Amino acid sequence: MHRPVGTLLLLWPTLWALWIAAEGMPDPLVLFVFVAGVALMRAAGCAMNDFADRHIDGHVSRTRDRPLAMGLISPTEAVGVAVVLSIIAFGLVLLMNPLTIALSVVAVLLAGTYPFMKRFHHLPQVHLGAAFGWAVPMAFAAQTGAFPPPLAWLLFVATILWATAYDTMYAMVDRPDDLKIGVKSSAILFGESDRSIIGLLQLLVLIALVLVGMQAELGMIFTLSLVAAAGLVIYQQYLIHDRDPKGCFKAFLNNNWFGAVVFAGIAMDYLVRGVL
């Protein structure tokens, strides 16, 4: 909880989906379940990630002070925390309709397998995007009671692209250590093309969000929010220009504002529409 950016990066696409699915007025119970679920599952994911990386984190400057890496807690305790939090989250999902409950199984599989992916391929960031983005079809199913429409899957793809971009910035911070250890990441795969590929991913995110806005019939306020989001993208490109670890990490953190600006555009667009 003392580093909430990961929770917020999971929360924003969840709120995008809920507001669009509900046309600006999400069901209070659904909203509560998903906000609480985001907090619980991100915390469970942190515990599983630290368990998976317990023999790696001690060799990475950014993570060597984590409690498992320092031996302050045991691997069994970490797994226990992850299991308990996941059970609580699943208990909340049981308040939703059967379709949402069924979709939650996929969410658990994605969240549970992500921490181990850096050992098998160079795109664990895409796997993270799918894990974070799966909240989107779940939110549509919970709010509407129907199978998620194409609009939901477009927003799901936008979330994957966005997460891949910002988590590659995050991976650029650890790239020197990761190369020594032998773990894989998109930052290593992209190499000298990292900034260009991140920029392409960010452009695709903005295009996908424009298409989402068109399908959802969102208006000028949402369009202006995307203009502001594009400004943040340009700023992030500036921050990663020299590949300085501090700048890359700052660019990663700035994505919280990207998600918040997009949500503000969605929420305000529906609010003004309702008033008028």
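Since we're looking at a predicted model, the values are computed, not measured. (Residues numbered from 1 in each chain as written. Predicted model: local features only at pLDDT ≥ 70, side-chain atom pairs only at ≥ 80, totals over all residues. Heavy atoms only, no water.)

Another aspect to go through is the overall build of the protein chain. A count of helices and strands for the protein chain gives eleven helices and zero strands. The linear arrangement of helices and strands in the protein chain, starting from the amino end, is α-α-α-α-α-α-α-α-α-α-α. Since a compact globule built from 276 residues should have a radius of gyration of about 19 Å, the 19 Å found for the protein chain is in line with a globular shape. Seen through its C-alpha atoms, the protein chain measures out along the principal axes to roughly 55 × 45 × 30 Å. Contacts in the protein chain between residues far apart in sequence, at least 24 positions, make up 74% of those at least 6 positions apart. For the protein chain, the exposed surface amounts to about 12900 Å²; the carbon and sulfur share of it is 72%. Charge centroids of the protein chain, computed over 16 positive and 17 negative side chains, lie 6 Å from each other. (Helix = DSSP H or I, 4+ residues; strand = E, 2+ residues; numbered from the N terminus. Rg over C-alpha atoms; globule rule 2.2 N^0.38 Å. Contact = heavy atoms within 4.5 Å. Areas by Shrake-Rupley, 256 points an atom, 1.4 Å probe, with all protein chains shown as cover. Lys, Arg positive; Asp, Glu negative; His and termini not counted. Charge placed at Lys NZ, Arg CZ, Asp CG, Glu CD.)

Moving on: unusual backbone geometry. Phi angles above zero are rare outside glycine, and Glu23 is one such case at about 55°. Checked against the element boundaries, Glu23 lands in the loop between helix H1 (5–21) and helix H2 (28–52). A relative accessible area of 60% means that Glu23 is categorised as exposed. The phi angle at Glu217 is positive, at roughly 60°, despite the residue not being glycine. Examined against the element boundaries, Glu217 turns out to sit in the loop between helix H9 (194–215) and helix H10 (220–239). (Buried < 20%, exposed > 50% of the residue type's maximum accessible area, 1.4 Å probe, protein only.)

Throughout the structure, instances matching the rule amount to five salt bridges. Arg66 serves as the salt-bridge partner of Asp50, at 3.3 Å between the closest nitrogen and oxygen. In this pair, Asp50 sits in helix H2 while Arg66 sits in the loop between H2 and helix H3 (75–93), placing the two residues 16 residues apart along the sequence. Residue classification places Asp50 among the buried positions, given a relative accessible area of 16%. Among the residues examined, Arg66 registers a relative accessible area of 21% and is labelled partly exposed. A salt bridge links Glu192 to Arg243; its shortest N-O distance comes to 3.7 Å. Linking Glu192 in the loop between helix H8 (186–190) and H9 with Arg243 in the loop between H10 and helix H11 (245–275), this pair joins segments that are 51 residues apart in sequence. Residue classification places Arg243 among the partly exposed residues on the basis of a relative accessible area of 24%. Overlapping salt bridges bring together Arg175, Glu192, Asp194 and Arg243 as one network. (Salt bridge = Lys/Arg side-chain N within 4 Å of Asp/Glu carboxyl O.)

A contiguous nonpolar patch, built from Leu200, Leu203, Leu204, Ile207, Val210, Leu211 and Met214 and spanning about 620 Å² of accessible area, is present on the exposed surface. Relative to the helices and strands, Leu200 is located in helix H9. Look at Leu200 and you get partly exposed, because its relative accessible area is 49%. (Patch = residues over 30% accessible without salt bridge, like charges linked within 9 Å, V, L, I, M, F, W, Y side chains within 5 Å.)

Let us now look at H9. The end-to-end C-alpha separation of H9 is 31 Å, in line with the 32 Å expected for 22 residues at 1.5 Å each. Along H9, the residues classified as buried are Asp194, Ile198, Leu201, Gln202, Val205, Leu206, Ala208, Leu209, Val212 and Gly213. The arc that holds the buried residues of H9, viewed along the axis, is 165°, so those residues lie on one side. The outward face of H9, more than 90 degrees from its buried face, is lined by the exposed residues Ser196 and Met214. (Expected span 1.5 Å × (residues − 1). Arc of directions from axis to C-beta.)

What follows is about the packing of aromatic side chains. Enumeration over the complete set of coordinates arrives at 14 aromatic pairs. Taken together, the ring pairs in this structure connect Trp16, Trp162, Tyr166, Tyr170, Phe249, Phe252 and Phe258 into an aromatic cluster. (Phe/Tyr/Trp six-rings, centres within 6.5 Å; stacked < 30°, edge-to-face > 60°.)

Here we take up the environment of Ile197. Secondary-structure assignment places Ile197 in helix H9. C-alpha separation for the pair Ile197 and Ala187, spaced ten residues apart in sequence, amounts to 9.8 Å.

Core analysis: the biggest nonpolar cluster contains 81 residues, and Leu209 and Phe258 have the highest contact counts within it. Here the element with the most residues in this core is helix H7 (residues 150–181); it accounts for 16 residues. In contact with Leu209, not counting residues within four places along its chain, are Trp16, Leu155, Ala158, Phe222, Leu226, Phe258 and Val262. (Core = buried A, V, L, I, M, F, W, Y, C linked by side-chain atoms within 4.5 Å.)

Think of two packed helices as two axes; the pair is described by the angle between the axes and how far apart they sit. Where H9 contacts H10, the axes come no closer than 11 Å and their chain directions differ by 175°. One element, H9, and the other, H10, form an angle in the roughly antiparallel class. Residue-level contacts link Arg195, Ile198, Gly199, Gln202, Leu206, Leu209, Val210 and Gly213 of H9 to Phe222, Leu226, Ala229, Ala230, Val233, Gln236 and Gln237 of H10. In terms of residue class, the contact of H9 with H10 is built from nine nonpolar, five polar and one charged. (Axes fitted to C-alpha atoms, helices over the stretch in contact; angles between N-to-C directions. Parallel < 35°, antiparallel > 145°, perpendicular 65-115°, else oblique. Nonpolar A, V, L, I, M, F, W, Y, C, P; charged D, E, K, R; others polar.)

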